[in-house]
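# Notes for the structure review
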Amino acid sequence: MSGWKLAKQLLLVLLVALVLAGIGMLVHVSRAPGGQLRVKATSVIDTSGCLGCHTDPLYKPEMSSRPWEEFLFDEEMLASSTHASIDCTRCHLTFATGQRINEQAVQKLCGQCHSRELELQEASVHADPRVATCLDCHSPGATGHDIPPILATESPAFPRNVAGTCGGCHADEKLMAGYGLETDVHEMYLDSPHGTVLELVGSDTDEPYPATCASCHGSHDVVKVDDPASPVSSTASLAGLCADCHPGATESFASTLALHKEFASEELSPVAHYGERFFFVLTASVVGLGMLMVSMEGIGWLTGRAYRGRGPGKEDRGGGGPGEGDIRGPSRGDLAAGDEPDDDPGDNPGSHLATADSAVDVQTDGGPAAFAATQALVAEDAAFSRRPDAAEEIARFDGQQRIQHLVMMVSLIVLATTGLPQKFPDWPVSLWFINFWGGLDSARSIHRFAGLVLITDCLYHLAYVAYSTVVVRKPLPIAMIPTPKDIADFFQDLQYWFGRTMVRPRFGRFSYREKFDYWAIFWGMPLIGISGLVLMFPVLASKLLPGDAVPVALVAHSDEALLAVCWIFIVHLFFVHLNPRFFPLNRAMFSGKMPRHLYAEEHPLELATLDARRGGRTGSGGRG
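Residues numbered from 1 in each chain as written. Predicted model: local features only at pLDDT ≥ 70, side-chain atom pairs only at ≥ 80, totals over all residues. Heavy atoms only, no water.

### A look at helix α18 (residues 399-423)
Taking 1.5 Å of rise per residue, 25 residues should cover 36 Å, and α18 covers 35 Å from first to last C-alpha, within 8% of that figure. Maximal helix bending in α18 amounts to about 25 degrees, located at A416. For α18, the complete set of buried residues consists of Q404, M408, S411, V414, L415, A416, T417, T418, G419, P421 and Q422. The N-cap residue of α18 is D398: its side-chain oxygen and the backbone nitrogen of Q400 are 3.2 Å apart. (Helix = DSSP H or I, 4+ residues; strand = E, 2+ residues; numbered from the N terminus. Expected span 1.5 Å × (residues − 1). Bend = angle between axes of the 7 residues up to and from the residue. Buried < 20%, exposed > 50% of the residue type's maximum accessible area, 1.4 Å probe, protein only. Polar contact = N/O pair within 3.5 Å; in protein donor to acceptor, adjacent residues only side chain to side chain.)

### Remarks on the packing of α18 against helix α24 (residues 549-578)
Two elements in contact, α18 and α24, have axes whose closest approach is 11 Å; the angle formed by their N-to-C orientations is 125 degrees. In terms of orientation, α18 lies oblique with respect to α24. The way α18 lies across α24 gives a crossing that is left-handed. Facing L412, A416, L420 and K423 of α18, the residues of α24 in contact are S558, D559, L562, V565, I568 and F569. Of the residues that constitute the contact of α18 with α24, the class distribution is seven nonpolar, one polar and two charged. (Axes fitted to C-alpha atoms, helices over the stretch in contact; angles between N-to-C directions. Parallel < 35°, antiparallel > 145°, perpendicular 65-115°, else oblique. Left-handed = near helix turned anticlockwise from the far one by under 90°. Contact = heavy atoms within 4.5 Å. Nonpolar A, V, L, I, M, F, W, Y, C, P; charged D, E, K, R; others polar.)

### Describing the environment of H405
Here H405 is to be found in helix α18. Sequence-wise, H405 and H461 are 56 residues apart; in three dimensions their C-alpha atoms are separated by 9.6 Å.

### Quick notes on a nonpolar patch on the surface
A cluster of nonpolar side chains, namely M291, F569, I570, L573, L578 and F583, defines an oily patch on the protein surface of about 540 Å² accessible area. Judged by relative accessible area, F569 falls into the partly exposed class, the value being 41%. (Patch = residues over 30% accessible without salt bridge, like charges linked within 9 Å, V, L, I, M, F, W, Y side chains within 5 Å. Areas by Shrake-Rupley, 256 points an atom, 1.4 Å probe, with all protein chains shown as cover. Salt bridge = Lys/Arg side-chain N within 4 Å of Asp/Glu carboxyl O.)

### Quick look at the side chain of Q107
Topologically, Q107 is positioned in helix α5 (residues 103-111). Sequence-distant contacts of Q107, that is, excluding residues within four places in its chain, are made with L118, Q121, H126, A127, P129, A132, T133 and C134.

### Let's talk about the packing of aromatic side chains
The description of two aromatic rings rests on the distance between their centres and on the angle between their planes. All chains considered together, the criterion is met by 13 aromatic pairs. Considering the side-chain rings of F516 and W567, the 4.7 Å spacing of their centres and the 45 degrees angle between planes classify their relative orientation as tilted. Pair noted here: F516 is in helix α22 (residues 512-536) and W567 is in helix α24, with a separation of 51 residues, a long-range link. The partly exposed category is assigned to F516, whose relative accessible area is 39%. Between Y518 and F522 the ring centres are 5.2 Å apart and the planes differ by 50 degrees, which places this aromatic pair in the tilted class. Taken together, the residues Y518 and F522, both in helix α22 and four residues apart, mark about one turn of the helix. (Phe/Tyr/Trp six-rings, centres within 6.5 Å; stacked < 30°, edge-to-face > 60°.)

Set out below in structure tokens:
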């Protein structure tokens with residue numbers, strides 16, 4: 001292929017990347033930036049002149065034995081506090097009686113101005129000042145001088161900070177031991193759907209903040225969960241809370257939530273619990289196998305051993321199956337019925353490799369003879385690529401197939417960059433991707449749209465296959481159906497990678513890897529698509545499906561999507577594009593054609609069949 005054609009394909013990929021970037025920028029620009037409440041410093045009321053001493057680090061009082069640093073504070077910090085307009089003596093009385101305010105006095109002191117909050121606090125589980133005081137939830141430094149407004153992003157009571165504020169005490173094992181409470185509630189909350197949203201919303205005050213501790217348990221009026229007055233004492237009362245954010249939520253919907261417990265716990269949802277473990281084993285096994293394939297193939301190319309796989313081994317010439325190791329062209333079983341193979345090796349473009357036959361046959365486990373044979377194969381491979389017929393391009397995919405693949409490729413990239421950050425919200429790069437798409441709300445909308453596009457593309461593909469075979473009368477694409485040869489090819493590849501044979505399998509129109517990619521879609525798309533629709537409409541799904549539907553859908557959608565992304569971006573990308581034969585780009589799915597010499601490399605049996613059908617010379621090339 002000419003450099004201009006390659007440049008066009010690279011430009012196409014660049015165009016796709018620019019379109020994706022453009023979508024993100026448009027969404028980001030069109031979305032009104034949220035405001036953050038910043039408290040401007042104002043003048044501090046100090047009628048008693050307290051600041052003259054308490055802001056002077058050089059002042060050395062004689063009456064105090066405690067370090068003076070304990071009595072110093074930042075005037076600017078006090079000026080930005082909501083208490084900047086309150087004179088110091090309102091809390092500290094007078095200079096003569098002013099002392100450090102102890103925990104027992106804090107709540108009553110705050111209650112002088114906040115009487116309603118004090119009344120609720122004294123009736124709550126936090127009434128004991130040894131458990132929590134006003135300063136624990138409202139003062140970042142726990143001094144009382146730095147109390148920002150609740151909607152200031154630095155406030156411990158700011159919606160995004162509430163879970164961390166509550167978790168600070170509820171993770172204290174010593175403190176919680178006296179009340180028999182669990183200490184991992186904050187960690188489990190962050191693993192829940194609400195916790196995932198919380199970690200990705202950022203600090204804008206107009207973000208759609210999820211349910212936090214205060215949303216379900218209250219703030220000043222927190223009571224025990226088994227108290228009838230508690231909003232979470234029953235699924236009926238919990239459903240009312242859910243309906244505030246999820247209109248139409250019922251008890252069935254509320255019962256599907258794990259809140260700050262493990263979402264897929266054996267107690268709450270055994271199906272999701274064991275399903276999560278099934279997908280963990282499946283993902284680890286499949287991705288592990290794929291990484292093994294990539295690493296062994298990569299080592300083969302780095303060491304030059306990949307060339308040796310193009311020669312025949314002793315075990316592959318005697319009585320082997322059709323097309324397995326015979327580099328001199330296909331057997332009669334490889335050709336379509338009625339076709340005759342060409343018996344003239346001089347006219348066979350693949351027969352150039354037969355000269356190394358005896359050399360490789362001498363020693364298949366390495367050594368001088370095998371190395372010499374490898375060098376001969378490398379030299380003849382270069383000569384073969386310069387043949388006039390090797391430059392021929394063979395049609396592999398039609399326009400419809402290429403468009404379907406392009407739509408799938410773009411939608412998968414969008415789904416990966418909007419979905420993975422939601423599965424791994426604690427990764428630093430996740431928030432970057434979410435912000436790129438314009439925030440969590442925008443990213444979720446784009447994710448759902450891309451998912452619908454992918455589902456439509458797959459349904460269109462099924463219609464395309466049906467139309468092509470039933471109406472247009474094209475042959476059914478049986479070449480994509482797995483056969484026992486694919487299993488044999490896989491194990492032959494394994495033997496080659498581990499040095500048990502020097503011969504690689506020879507493929508027809510589709511290799512076992514390509515078939516795996518194709519059929520994985522038929523396994524994954526219904527699973528990802530249906531579970532995605534359940535998550536898109538959780539309230540409706542909870543009314544129509546069993547109670548476990550939502551947690552099971554979350555597990556299935558999340559883990560199957562992770563498996564698909566890992567396989568595509570690790571295994572598929574390597575073998576299709578990063579393979580040295582194609583690097584930096586395999587043009588077949590963009591141009592629809594593949595150079596003859598590469599076709600002989602990747603699909604020698606298919607090439608031989610094509611040549612035989614059109615009455616030409618077989619060009620198997622013997623290179624699998």
